[in-house]
Amino acid sequence: MRVILRTAVGQGPAQVMAGFTRELFLALAPPFPKLKLVRYDGCHTGDVVEIELNTGIKKLPWTSLITDDGVLPDGTHYFVDEGQLLPPPLRYWKHRHLIEPGPRGGSVIVDNLEYRTAFRALDVLIYPAMWAQFAWRKPIYRRWFR
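Keep in mind that what you see is a predicted model, and the values were worked out from it rather than measured.

**Q** What's the story with the overall build of the protein chain in this structure? I'm lost.
**A** On a plain count of helices and strands, the protein chain comes out with four helices and seven strands. Order of helices (α) and strands (β) in the protein chain, N terminus to C terminus: β-α-α-β-β-β-β-β-β-α-α. For a compact globule of 146 residues, the expected C-alpha radius of gyration is about 15 Å, and the protein chain comes in at 15 Å, within 12% of that figure. The dimensions of the protein chain, computed from C-alpha atoms along their principal axes, are 45 × 30 × 25 Å.

Structure follows, in structure tokens:
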């Protein structure tokens with residue numbers, strides 16, 4: 001399944017890319033499940049991010065590897081994180097973070113993620129929760145990158 005959310009912000013792509021820090025990562029965490037940041041190397045190829053999700057019943061590890069980053073010819077900055085160790089029911093995770101130049105200045109942050117579980121029906125069933133987890137970010141991005 002694919003989830004794509006776009007958020008217009010006031011700062012330019014290079015400034016926004018530089019603002020993807022440990023502090024922003026923590027600010028973007030939704031209220032549930034509770035997130036503990038175990039490791040945060042950054043947003044460049046080879047960097048690792050490890051978190052622990054606390055569901056209240058069980059703590060679930062999640063490790064992502066930054067597999068690509070750069071700047072496209074149109075000025076879009078980007079980085080890609082891919083799940084290495086995923087909590088159930090996820091089996092596949094690829095999140096492309098794009099920071100496109102805005103049409104009238106500023107930027108558009110695009111969260112373009114693809115995920116899979118073991119069953120297509122489950123992918124569809126959890127789509128609203130996935131969408132909500134990333135829609136949560138929109139006002140935070142706007143405040144962070146005025």
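Having seen it, we continue.
**Q** Can you help me understand the packing of helix α3 (residues 120–135) against helix α4 (residues 137–144) in this one?
**A** To describe two helices that pack against each other, one gives the angle between their axes and the distance between the axes. Running from N to C, α3 and α4 cross one another at 15 degrees; their axes reach a closest spacing of 5 Å. For the element pair α3 / α4, the angle class is roughly parallel. Of the residues in α4, those touching α3 at Gln133, Phe134 and Ala135 are Arg137, Lys138 and Pro139. Across the contact of α3 with α4, the residue classes break down as three nonpolar, one polar and two charged.

**Q** Even after reading the chapter, I still don't get the pattern of salt bridges, so can you show me in this structure?
**A** Side chains that differ in charge, positive against negative, can pair when their charged atoms come close. Enumeration over the complete set of coordinates arrives at six salt bridges. Glu114 is paired through a salt bridge with Arg2; the nearest N and O atoms lie 3.3 Å apart. A residue pair is termed long-range when its members are at least 10 positions apart, and Glu114 in strand β7 (residues 107–116) and Arg2 in strand β1 (residues 2–9) qualify at 112 residues. Among the residues examined, Arg2 registers a relative accessible area of 39% and is labelled partly exposed. Linking Asp111 and Arg137 is a salt bridge whose minimum nitrogen-to-oxygen distance equals 3.6 Å.

**Q** Quick question: what am I supposed to make of the layout of surface pockets here?
**A** Where empty space is left can be seen by rolling a probe of water-molecule size over the atoms. Its volume calculated, the largest pocket comes out at about 860 Å³. Lining the largest pocket are 36 residues, and of these Ile51, Leu53, Trp62, Trp93 and Gln133 sit closest to its centre. Elements that contribute at least two residues to the lining of the largest pocket include exactly α2 (22–27), β2 (34–40), β3 (48–54), β4 (59–71), β5 (77–85), β6 (92–101) and α3. Counting residues per element, the lining of the largest pocket draws most heavily on α3, which supplies five residues. Here the lining of the largest pocket is composed, by residue class, of 27 nonpolar, seven polar and two charged.

**Q** Would you mind showing me how to read the nonpolar core here?
**A** The nonpolar side chains of soluble globular proteins are, as a tendency, buried together. Core analysis: the largest hydrophobic core is formed by 32 residues, its most contacted members being Phe20, Leu90, Trp93 and Tyr115. At four residues, the largest contribution of residues to this core is made by α3. Leaving out residues up to four positions away in the same chain, Trp93 has contacts with Trp62, Ser64, Asp81, Glu82, Gly83, Leu86, Leu113, Glu114, Tyr115, Met130 and Phe134.

**Q** Got a minute to help me understand α4 in this structure?
**A** Those residues of α4 lying buried are Arg137, Lys138, Ile140 and Tyr141. Along α4, the residues classed as buried sweep out an arc of 165 degrees about the axis, all on the same side. Where α4 is buried, its residues meet β1, α2, β6, β7 and α3.

The rules behind these values
Residues numbered from 1 in each chain as written. Predicted model: local features only at pLDDT ≥ 70, side-chain atom pairs only at ≥ 80, totals over all residues. Heavy atoms only, no water. Helix = DSSP H or I, 4+ residues; strand = E, 2+ residues; numbered from the N terminus. Rg over C-alpha atoms; globule rule 2.2 N^0.38 Å. Axes fitted to C-alpha atoms, helices over the stretch in contact; angles between N-to-C directions. Parallel < 35°, antiparallel > 145°, perpendicular 65-115°, else oblique. Contact = heavy atoms within 4.5 Å. Nonpolar A, V, L, I, M, F, W, Y, C, P; charged D, E, K, R; others polar. Salt bridge = Lys/Arg side-chain N within 4 Å of Asp/Glu carboxyl O. Buried < 20%, exposed > 50% of the residue type's maximum accessible area, 1.4 Å probe, protein only. 1 Å grid on protein atoms, 1.4 Å probe; cavity = no way out; pocket = protein on both sides within 12 Å on 5 of 7 lines; lining within 4 Å. Points joined across faces, edges and corners; volume = space filled by probe spheres on them. Core = buried A, V, L, I, M, F, W, Y, C linked by side-chain atoms within 4.5 Å. Arc of directions from axis to C-beta.

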